[in-house]
Every structure is written in structure tokens, then in C-alpha cells.
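A look at the structure
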Amino acid sequence: VGDGSCLADSACEGVEESHIGSGSCKAVSSCEGMEDGATVGDGSCNALDACLFIDDANVGNNSCNGNEACLSVLGSIGQGSCNSPFACRGARGEIGSNSCSKEGICAGSRGAVGNGSCTSGLSACVDAEGDIGDKSCLGGSGACLELKGDVGTNSCRDGTRACQQAKSSIGNDACKDGDFACFEAIGTIGNGSCHGYKACHYVSRNIENFECIGPCSCCEK
């Protein structure tokens, strides 16, 4: 065990001592219930019930430092993630590095969250069902709220509710630069498409690559 680790009741219970980093597991029930073979990085699991009951997963450095953050997550947590209260609570996929860093964000998400994603905006990735790529779902409230499909890299960002309740997959560098860019889009969205305010708002057809550039360019409502 690293210096100053495992100072709280039930903290890191179930994790081998040799797999716990320095300055970790200082709060009651943090990282409790993790399985043998799991690792906890430096400066992690220092808030009440953080990382509680994570199954068959690892926790990176400086992560899980918000109350009930990552509680019952079914995947590994990258470094610098889940450091706000209730962040990633009940998430079902792996959480990348420097992700899910706002209170309540990523709660109930069912897919994996990439590096640097879901870090801003109220409810940005709450109850999202698809996998989210790197640097996506940023910059606006509800960016990927209740999303049904997968999201590529650098997408669903820079606008309020950019991909909220979108029903199909979204490519790379898509649905950005405007509020409601792909709000409740039904069809699939190609790479580099749907840029601007309501660009693909409620769109029902599939969108090809590099299509629908500009405000309401393909919107159906």
C-alpha cells in the first residue's frame, strides 16, 4: 500500500494491498467491493461511497473523488475522471481519462465514454445508451442526454442539446457548432455532417458524410 492509503473504514475492501496507490482510499466505503486483481491508482477513491461496488475494474490516478461518483460502475475508470458528486453513478461502460467531471454527469450511461468526453453542460451524458468517443458530448446542457446510438470522435459538442435523444449512430466530427444540431435525429449521421443551429433537427433520413452544413440545412421541424 502506498503512503497514507487505506485510512478509512471499509475503504478498498477486496483490493489487494499491493494494488493500491499512494494517498488513496481515505473515505468510508470508497472502492469497497472491488474484486481481487483490481488496481487503484494514486490519489483516488477519497470520497464517501466513491467507486463502491465496481465489478472487475480498475481505477486510474486521481479519480473517483466525488461523493458516490462511479458508484456501481461496470467498467474501469481512467485517470482524472469521476471527481464530482454522483458523476458516473450507475454507469455500465468503461470511463476514459479526464471524463465525466461535472456533478451528476454520465449517471446511468450504458456505453463506454471516451477520453475527455462528457465534461461540461448539465446532464450531458445522463442515460446515454451508446458508446461515446473521445472529446465528444461537450459544451452544452443535454448534449447526449438519453442518446440511443454510438457517437464518434469530436462530435455532439458546442451546442445545447446537440444530440439529445438522437436515435442512431453519429460519426466523427458531426453534430456540432450549434444548439439542437442533431436533436432527436432518427437517421444515422455521417462524418463531418450536421454543423450549425438545428442543422439536422428531427431529421428522419440517413445523412451522408459532409452533408447538412449550416443552420437548419436539413432540419425537419
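Here the structure is a predicted model, which means the values were calculated and not measured.

Quick look at the state of the cysteines
Counting across every chain of the model gives 11 disulfides. There is a disulfide in this structure between Cys51 and Cys64, and the S-S distance comes to 2.2 Å. One exposure class covers both Cys51 and Cys64, and it is buried. Cys118 shares a disulfide with Cys125; S-S distance 1.9 Å. In this structure, the disulfide formed by Cys118 and Cys125 twists by about -85 degrees around the S-S bond and is classed as left-handed.

Here we look at a negative patch on the surface
Side chains of Glu16, Glu35, Asp36 and Asp55 sit close together on the surface and give a patch of like negative charge. The exposure class of Asp36 is exposed, given its relative accessible area of 64%.

With respect to the nonpolar core
Counting 59 residues, the largest nonpolar core has Cys70, Cys88, Cys163, Ile170, Cys175 and Ile189 as the members making the most contacts within it. Each residue touching Cys175, except ones within four places of it in the same chain, is listed here: Ser155, Cys156, Arg157, Ala162, Cys163, Ile170, Ala181, Cys182, Ile189, Ser193, Cys194 and His195.

Reading guide: rules and limits
Within every chain, residues take consecutive numbers counted from 1 along the sequence as written. With the structure being a predicted model, the display of local features is reserved for residues of pLDDT at least 70 and the display and counting of side-chain atom pairs for 80 or more, all residues being used for whole-chain, interface and lining totals. Heavy atoms throughout the structure, all of them, feed into the side-chain values; hydrogens and water do not. Cysteine sulfur atoms that pair up within 2.5 Å are treated as a disulfide. Only protein chains enter the accessibility calculation, which uses a 1.4 Å probe. A residue is then buried if its area is under 20% of the maximum for its type, exposed if over 50%, and partly exposed in between. Distance thresholds for patches are 9 Å for like charges and 5 Å for nonpolar side chains (Val, Leu, Ile, Met, Phe, Trp, Tyr), applied to residues having over 30% relative accessible area and no salt bridge. Accessible areas in this description were obtained via Shrake-Rupley with a 1.4 Å probe; residue shielding takes into account the shown protein chains only. In the sections that follow, a salt bridge refers to a side-chain nitrogen of Lys or Arg positioned within 4 Å of a carboxyl oxygen of Asp or Glu. Working convention for charge: Lys and Arg count positive, Asp and Glu count negative, and His plus the chain ends are omitted. To locate a charge, take NZ of a lysine, CZ of an arginine, CG of an aspartate or CD of a glutamate. The definition of a nonpolar core used throughout is a set of buried Ala, Val, Leu, Ile, Met, Phe, Trp, Tyr and Cys residues joined through side-chain atoms within 4.5 Å. Whether two residues touch is decided by their heavy atoms; if any such pair falls within 4.5 Å, the residues are in contact.

Coordinates in, geometry out; function isn't part of it.
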